Each structure stands twice: as C-alpha cells, then as structure tokens.
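# Examination of the molecular architecture
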Amino acid sequence: MSDAVPPPERVPAELADHPDRLRWNAKYGDAPGLSPVHPLAERALSSGLPDGGVLDLASGPSGSALLAAAAGRSVTAVDVSEIALGRLRDEAGRRGLTARITLVQADLAAWRPHPAGYALVLCTGFWDRAVFDRAAGAVLPGGLLAWEAFTEEARRHRPGLPAEWCLGPSEPASLLPDGFTVLEQADDPATGKRGVLARRCVTPGRSAP
C-alpha cells in the first residue's frame, strides 16, 4: 500500500481547509466502522471482469474495496478524508490485504485516473458529471462502470441536497459515452438513489472476459 494517506499534520496544502474534507472527516469521526459492501459492487465483481485493478471513487472506509482486494484485485481507493482512508488502511492491515490497496487522498474534482486502466470503476456515494466522464474513460475494454447517486426525486424528501449532487431523469446511463452497454439501471425508493452498471465494449481483436 502506498503512503498516500498523510497524518493530519501532512495533509496536502490544497486540502487543508477544503470544505469537503472537513465535512467528511467530521462525519467519519462520528461514525466509526467500515462502510458495508455495496450490492452494486458485489454484482460487478461477480459479472465477469477482465484482468486489471479496481478504482473506488469517494471510497470512504470501503467494505467494497476490501471485498475486491480479497478477491485478488489491486484496488485504488480515492477519498478526500484521511480519517476514512486511515480506517480503510487499518482494516486492510488486519485482513492481510495491505499490499493490494493503494490509498489516495484527493479532491475528485482535481484528481485524474489512469485512462483505460481499470477493470472496474466504482462510485456509490457521489455525483459530479465531469468526474463521471473521466471515470468512464478509465474503464478497460470489457470492464465495468458501477455508479450510484441521489436522484432529483430525492430532493423532495431531502431539500437540503444541492441539485448538482443529484441525477436527472435517465442519468447516468444517458451520459455514458459510445462504446458502453447498460446492464442495469434502477432506482431505490428507500434511499432516493439510482444505480447503473455498464460494460465497456471490447475492442476488435480483444476477447471478452
């Protein structure tokens, strides 16, 4: 595991007063433990993937990242909160998965993934159109993009949700670039979120997983 998660005194200068970092550090500080494995991640990992790593965006202390690492995948977990990443690091160590997980503290608006570099790109608690576009470009041919975020409908019950954090009608499937096939897209009325699972088409001359 890379030493990408600094102690508080070595937080990158550009993140020191970042409102998202402060907000999520406060949330994770008050809610100890891991995030549970997300059902979308479970389905993605069992749906047939090419060789390659997993990218978990806005990961938090991700049970999904640990599941992917336990399945033998190299995992890159990116989050703005060093508290969340530190918790994930500690649990990976307890499970003997340290070597398979790279932790990156970053603002997703500024961070860039390796293009076409991951068998699975996963994000289950965040929405930003530009980040989604970059995430789609980071999926290997034959790989999967798994995403879940709040919908506009959720704002009826949670009016404090900013509109820019919410998916519009038919999104995010309608925003996928050419070359993706949607395997599923469904709303969960209980959470006000919509999830999508989509596969990037295999390029000519390459075999499907």
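Because the structure is a prediction, the values reported are computed rather than measured.

Cut-offs used in this document
Residues numbered from 1 in each chain as written. Predicted model: local features only at pLDDT ≥ 70, side-chain atom pairs only at ≥ 80, totals over all residues. Heavy atoms only, no water. Helix = DSSP H or I, 4+ residues; strand = E, 2+ residues; numbered from the N terminus. 1 Å grid on protein atoms, 1.4 Å probe; cavity = no way out; pocket = protein on both sides within 12 Å on 5 of 7 lines; lining within 4 Å. Points joined across faces, edges and corners; volume = space filled by probe spheres on them. Nonpolar A, V, L, I, M, F, W, Y, C, P; charged D, E, K, R; others polar. Phe/Tyr/Trp six-rings, centres within 6.5 Å; stacked < 30°, edge-to-face > 60°. Lys NZ or Arg CZ within 6 Å of the ring centre and 35° of its normal. Buried < 20%, exposed > 50% of the residue type's maximum accessible area, 1.4 Å probe, protein only. Pairing = 2+ DSSP bridges. Axes fitted to C-alpha atoms, helices over the stretch in contact; angles between N-to-C directions. Contact = heavy atoms within 4.5 Å.

## Some details on the environment of E14
Tracing the chain through its elements places E14 in the segment before α1 (19-30). Once the C-alpha coordinates of E14 and A106 are considered, the two residues, 92 residues apart in sequence, prove to be 9.2 Å apart.

## Details of empty space enclosed by the protein
Tallied over the full model, the rule gives one cavity of 30 Å³ or more. Considered as a void within the structure, the largest cavity measures approximately 40 Å³ in volume. Lining the largest cavity, in full, are L57, L108, W111, P113, V131, R134 and A135. No other element matches helix α5 (residues 129-137), which puts three residues into the lining of the largest cavity. In terms of residue class, the lining of the largest cavity is built from six nonpolar, no polar and one charged.

## Here's the deal with the packing of aromatic side chains
What the rule picks out here adds up to four aromatic pairs. Through a chain of ring-to-ring contacts, three or more aromatic side chains come together here, namely W127, F132 and W147. The positively charged end of K193 is found above the aromatic ring belonging to F150, 4.9 Å away from the centroid.

## Remarks on unusual backbone geometry
For the bond running from E171 to P172, omega is 5 degrees, close enough to zero to count as cis. Position of P172 among the secondary structure elements: in the loop between β5 (139-150) and β6 (180-188). In this structure, A116 is a non-glycine residue whose phi angle is positive, near 45 degrees. The topology assignment puts A116 in the loop between β3 (101-105) and β4 (118-123). Positive phi is not limited to glycine here, since S170 has a value of about 70 degrees. Mapped onto the elements, S170 comes out in the loop between β5 and β6. Owing to a relative accessible area of 44%, S170 belongs among the partly exposed residues under this scheme.

## Description of the sheet that holds β3
Read from one edge of the open sheet, seven strands run β3-β2-β1-β4-β5-β7-β6, paired in mixed fashion. Across the chains shown, the open sheet's two edge strands, defined by having one partner strand only, are β3 and β6. On average, each strand axis in the sheet is inclined to that of its neighbour by 10 degrees, with strand direction left out of account. The strands touched by helix α4 (residues 82-94) within the sheet are β2 (75-79) and β3, with β3 carrying the most contacts at an inclination of about 170 degrees.

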